[in-house]
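Descriptive structure summary
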Amino acid sequence: MSKSYTYPEFPYRQSAAQREGRLQRHPLVVIGAGPIGLTIALDCAQRGLPVLLLDDNNTVSFGSRAVCYAKRPLEIWDRLGVAAPLVDKGVRWQVGKVFLEDELIYRFDLLPEARHKMPAMINLQQYYVEQTLVDACAAHPKIDIGWKHKLVALQQHEDHARLTVETPDGRFELLADWVIACDGANSDTRNMVGASFTGQFFEDRFLIADVVLKPGVLQQAKSTSKLGHEPERWFWFDPPFHRGQSVLLHKQCDDVWRIDFQLGRDADPELEKRPERVIPRIQQMLGPELPFELEWVSVYQFACRRIDKLRYGRVIFAGDAAHQVSPFGARGANTGVQDADNLAWKLKLVIDGVASEALLDSYDDERAFAADDNLLNSTRATDFISPKSRVSLRLRNAVLQLASQEPFARPLINSGRLSTPTPYLRSPLNTADDAPFAGPMKPGSNCVDAPLRHQGRDTWLLDVLNALHGPAGGFTLLAFGARPALESVAVAGISARVLNVGGDVDDAEGLLAQRYDGQPGTVILIRPDQHVAARWRSFEVGKIRAALRRCIAMH
Amino acid sequence: MPLNHQPNIVDADGFYQELVESQRELSDEQAEMLTTKLVLILANHVGDREVLREAIALARDNTLAYATS
């Protein structure tokens, strides 16, 4: 039914191993070529690992699905060299408005801190994200993509897994030292390892309608005439055009708008998907005379749940296969990309024999912690949007009614708290501060970007970190003040390179020093996934070596 | 500061009368909404999460105690 997008069809090719009946062993097999599987394949390949990526289909996501992408995943994709086309094509926004009936009762601004390379949020249809990632993966010499390769069975052994894969040419088997399962919320792989996936189910059904509107049409509609020309997120509680329920409106590229209608618990999903039901709902909202084209419709329910352990022997779970959240807050794809970011460098060090499997346990420590944070935020938003009892509905409505006059009630309104990274404050890889530091860059935090001058050009901290190591990545010692005597510090097969602020790069605006509380002598140890691992007020090799060892789980 | 369990309202009878009279001429539904809003207004005024937690627990425990007796 899509009118603005033509779905690509990727070629199925029988592998030589299947054709010749060979049992081939692969260092790394990724299951599922969605945004997370593609990101993880690209990250692992750039770090030097050969990747076999399998997907049971041969195209990108059907429908726009995940449409909001936050700063941190954009920074990760920028490290992987794929962010620029996404940011160019995506719709930037930062203002959210909340209405009760047709009255504006609350407005939030993501108010991104100035002088970061990446925007706070873009909206972009998932198929564009996937297509960009597929192009990058297909072009990478270390990635082999098997389209129409469906995993049908998996057996775990001591140091590998045995996979049975079904293709149009029948079934064959292959061995994998490591498997990363990114096969989504309904992950078959999860069932194959016997993992549990528990949490809270929500009974409310929601209708997604993507509609194509010519520019300016929304400003003509009565319900949306207040919509400015800047893209914003609009959320209605109990609007006149959809009584007793909520509605969410988001702009995507190609003049496609996402409208999300809450339908309640008793809605019939098959009936509600029919154009003869959907079109009148949209006409109620826009008025009967305004022209639109229906692009994609989906009726969904959701759950907030996670897998009990992110790693089962040789099988590691990421993305929705590991944790599922409600859509309010854009926490699904955004957190999945951060799973990939966290896992790739660790897996590379383990496969290379530099670190032990204990390093992979820290993937569970850090990403399960983040998943729980996302689940908490997502569940809270869902409870506000879709109250489960008469009294919680009354509490919710009391908040909304108070909020139009009373500033105190506005922070209680929860139409979804938008995805921000969860710092790994309790990670066993962190080294605790041994001196006072101000500011947000506590060990376990992702590196906040800052403008720098490098070789006479304007650049960004994250760009400099990427350029310093190349795609393979590495550890960095960000050293403020006088240049340390050493260019790097090595221990146990890894090495951290010094980046001297004042020598190698110039903090011309002083924002780097401000954001990291950098004083002359300050040293920040940065992981390959651009997270702070440790920081000190002076350059002491013994302490740096100990922190590096801790950072690869060598205790 | 912990939750105050001791009498703290000057002119308790007058306050109680005001509370009851605030619901005059309201439907049951409106009266319930008023009480709910009052909870939110006072909770914001208190602000202190420890005190609020103690107050919520007290209201719940007291309710459950009556439900089982």
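Description of the structure in this document. (Residues numbered from 1 in each chain as written. Chains lettered and ligands numbered in written order. Predicted model: local features only at pLDDT ≥ 70, side-chain atom pairs only at ≥ 80, totals over all residues.)

Let us look at the nonpolar core. Residues and elements named next belong to chain A. The biggest cluster of nonpolar side chains holds 121 residues, and the ones touching the most others in it are Ile40, Ala41, Ala318 and Leu525. With 8 residues, helix H10 (residues 332–351) is the single largest residue contributor to this core. Counting the residues that make up this core, at least three belong to each of domain 1 (16–80 + 124–199 + 304–371) and domain 2 (451–551). Contacts of leucine 525, omitting those with residues within four sequence positions, involve Phe475, Leu477, Ala496, Ala533, Ala534, Arg535, Ile544 and Ala547. (Core = buried A, V, L, I, M, F, W, Y, C linked by C-beta atoms within 7 Å. Buried ≥ 20, exposed ≤ 12 C-beta atoms within 10 Å, placed from the backbone. Helix = DSSP H or I, 4+ residues; strand = E, 2+ residues; numbered from the N terminus. Domains from an automatic or database assignment. Contact = placed C-beta atoms within 7 Å.)

Turning our eyes to something else, we now look at the interface of chain A and chain B. On the side of chain B, 6 residues touch chain A, which itself brings 7 residues to the contact. Grouping the constituent residues of the side of chain A that touches chain B by class yields 6 nonpolar, no polar and 1 charged. (Nonpolar A, V, L, I, M, F, W, Y, C, P; charged D, E, K, R; others polar.)

This brings us to unusual backbone geometry. Residues and elements named next belong to chain A. Located in the positive-phi region is glutamate 101, a residue other than glycine, with phi close to 55°. Secondary-structure assignment places glutamate 101 in the loop between strand E5 (95–100) and strand E6 (103–109). Classification of glutamate 101 as partly exposed rests on a count of 13 C-beta atoms within 10 Å. Even without being glycine, arginine 115 reaches a positive phi, approximately 65°. Within the element layout of this structure, arginine 115 appears in the loop between E6 and strand E7 (121–123). For arginine 115, a count of 13 C-beta atoms within 10 Å corresponds to the partly exposed category.

Residue and element names in this part refer to chain A. Burial analysis of helix H3 (residues 71–79) places 9 of its 9 residues in the buried class, the great majority of the element. Every buried residue belonging to H3 is among Lys71, Arg72, Pro73, Leu74, Glu75, Ile76, Trp77, Asp78 and Arg79, and all of these are buried. Packed against the buried residues of H3 are strand E3 (68–70), helix H4 (83–89), H10 and helix H13 (461–469). One or two steps after H3, the chain reaches glycine 81, where phi turns positive at roughly 80°.

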